[in-house]
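What follows is each chain in one-letter form.
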Amino acid sequence: MRMSCRVVRHTAISVVGPSGKTSQHGRGGHMTTPSSTRGVVFIHSTPAALCPHISWALESVLGQRVSLEWTAQPLGRKLVRAEFSWLGPAGTGARLASALRGWDDVRYEVTEEPSTGCDGSRWQHTPTLGIHHTWISAVGDAVINEDRLRDVLADAEGDAAAVLAAIDDLLGAAWDQELEPFRHAGDGTSVRWLHKVG
């Protein structure tokens, strides 16, 4: 049975000890260690007018100023692209993907690497297909849990073409196909690292 990560908010106090090291204590004084992870936000294409709004949305999740380096997206007139890497607690990728979800004209991907007790994830969004989520293994493979596979087999009723189509849908094949040209247009671009504070 696959386990997925759920971030539970609780009150935590950061404590700086005599050695200068910081530790966090949750309710009742128990020591807690939040699972941290990292990932990348790829804004493959957006109208230039949305750039400040996208930055503000990302800032609201990361809790710090975000200064993205926007470059022209050669596949669309008046479109730009940007990407950056982030470090933060598990679940930050989901919050970043949700923050970007309100704009239909934006093509983006958000990744979150696996961390202690949490699977990795990838969210993809295109104007025509909407948003798609895929679980990602430690080696970067897309993962389909057993319950979803059982549903595919039951729904297909022995039709091999229906099984293949359903698996393609679960893996996000249509999203990959639509995003692939936009990914290659950003080859060779430098990546900036941002750290979630607090």
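Residues numbered from 1 in each chain as written. Predicted model: local features only at pLDDT ≥ 70, side-chain atom pairs only at ≥ 80, totals over all residues. Heavy atoms only, no water.

Quick notes on the overall build of the protein
Our working rule: The numbering of helices and of strands both runs from the N terminus, where a helix is a DSSP run of H or I of at least 4 residues and a strand a run of E of at least 2. Accessible surface area values rest on a Shrake-Rupley calculation with a 1.4 Å probe, where residue burial reflects the displayed protein chains alone.
When you go through the protein residue by residue, the secondary structure sums to 5 helices and 11 strands. Carbon and sulfur atoms form 54% of the exposed surface of the protein, whose accessible area is close to 11,500 Å².

Digging into helix α4 (residues 160-171)
Here is the rule: An expected span of 1.5 Å times one less than the residue number is assigned to each helix. Under the rule applied, a polar contact is a pair of N or O atoms within 3.5 Å (in protein, one hydrogen donor and one hydrogen acceptor; residues adjacent in sequence only if both atoms are side-chain atoms).
Over its 12 residues, α4 extends 17 Å from the first C-alpha to the last, a length consistent with the 16 Å expected when each residue adds 1.5 Å. Residue aspartate 159 occupies the N-cap position of α4, its side-chain oxygen lying 3.1 Å from the main-chain nitrogen of alanine 161. The positive-phi residue at the C-terminal boundary of α4 is glycine 172, with phi of around 80°.

Structural notes on the environment of glycine 172
Basically, it comes down to this: Only protein chains enter the accessibility calculation, which uses a 1.4 Å probe. A residue is then buried if its area is under 20% of the maximum for its type, exposed if over 50%, and partly exposed in between. Two residues form a contact once any of their heavy atoms are found within 4.5 Å.
Within the element layout of this structure, glycine 172 appears in the loop between α4 and α5 (173-184). Its relative accessible area of 0% is what places glycine 172 among the buried residues. Sequence spacing of glycine 172 and tryptophan 123 is 49 residues, and the spatial spacing of their C-alpha atoms is 9.5 Å. If we ignore the near neighbours within four places in the chain, the residues touching glycine 172 are Gln124 and His132.

Considerations on the side chain of serine 115
Within the fold, serine 115 resides in the loop between β7 (107-112) and β8 (120-126). By relative accessible area, serine 115 is classed as buried at 13%. Setting aside anything within four residues of it in sequence, one finds serine 115 in contact with Ser35, Ser36, Thr37 and Ala90.

Describing the packing of helix α1 (residues 51-62) against helix α2 (residues 92-100)
Worth spelling out the cut-off: Between N-to-C directions, angles span 0 to 180 degrees; the directions come from axes that are lines fitted to C-alpha atoms, helices contributing only their stretch in contact. For classification, angles of less than 35 degrees are called roughly parallel, those exceeding 145 degrees roughly antiparallel, those between 65 and 115 degrees roughly perpendicular, and all remaining angles oblique. Put simply, a crossing is left-handed when the front helix is turned counterclockwise from the back one by less than a right angle, and right-handed when it is turned clockwise. Gly counts as polar in this scheme, as do all residues outside two lists: the nonpolar Ala, Val, Leu, Ile, Met, Phe, Trp, Tyr, Cys and Pro, and the charged Asp, Glu, Lys and Arg.
α2 packs onto α1 with a crossing angle of 150° between their chain directions and a minimal axis gap of 9 Å. By the criterion of interaxial angle, the relationship of α1 to α2 is roughly antiparallel. When you trace α1 past α2, the crossing you get is right-handed. Contact with α1, carried on its side by Ile54, Ala57, Leu58, Val61 and Leu62, involves Thr92, Arg95, Leu96, Ala99 and Leu100 of α2 and no other residues of that element. Residue classes in the contact of α1 with α2 are distributed as 8 nonpolar, 1 polar and 1 charged.

Remarks on the nonpolar core
One recurring pattern in soluble globular proteins: nonpolar side chains tend to sit buried together. Convention followed: Here the nonpolar core consists of buried residues drawn from Ala, Val, Leu, Ile, Met, Phe, Trp, Tyr and Cys, with membership extended through side-chain atoms lying within 4.5 Å.
Membership of the largest hydrophobic core comes to 19 residues, with the highest contact counts inside it found for Val41, Ile54, Leu58, Leu96, Leu100 and Val110. The set of elements that each furnish at least two residues to this core consists of β4 (36-47), α1, β6 (79-89), α2 and β7. The dominant element in this core, judged by the number of residues it contributes, is α1, at 4 residues.

Some words on the environment of alanine 82
On the secondary structure map, alanine 82 appears in strand β6. Residue class for alanine 82 comes out buried when judged on its relative accessible area of 2%. C-alpha of alanine 82 to C-alpha of serine 45: the two residues are 37 residues apart in sequence and 8.0 Å apart in space. Aside from chain neighbours lying at most four places away, what touches alanine 82 is Val41, Phe42, Ile43, Leu68, Glu69 and Trp70.

Here's the deal with the pattern of salt bridges
The criterion, for reference: Any Lys or Arg side-chain nitrogen located within 4 Å of an Asp or Glu carboxyl oxygen qualifies as a salt bridge.
Inspection of every chain in the model, using the stated rule, returns 8 salt bridges. Linking arginine 65 and glutamate 59 is a salt bridge whose minimum nitrogen-to-oxygen distance equals 3.9 Å. Sharing partners across several salt bridges, the network here consists of Glu109, Arg122, Asp176, Glu180 and Arg183.

Considerations on the confidence of the model for the protein
For residues with low pLDDT, the predicted coordinates do not support detailed interpretation. In plain terms, the rule: Per-residue confidence from the prediction method is given by pLDDT, with values spanning 0 to 100.
With 76% of its residues at a pLDDT of 70 or more, the protein shows a mean pLDDT of 81. Taken as a whole, residues 190-195 scores under 50 in pLDDT and shows 22 contacts with residues more than four places along the chain or in a different chain.

Considerations on the pairing of β7
Here is the rule: Only when DSSP finds a minimum of two bridges between them are two strands counted as paired.
Most of β7 sits inside the fold, with 5 of its 6 residues counted as buried. Note that β4 and β7 share 4 bridges and pair antiparallel. Counterpart to serine 45 in the pairing with β7 is arginine 107.

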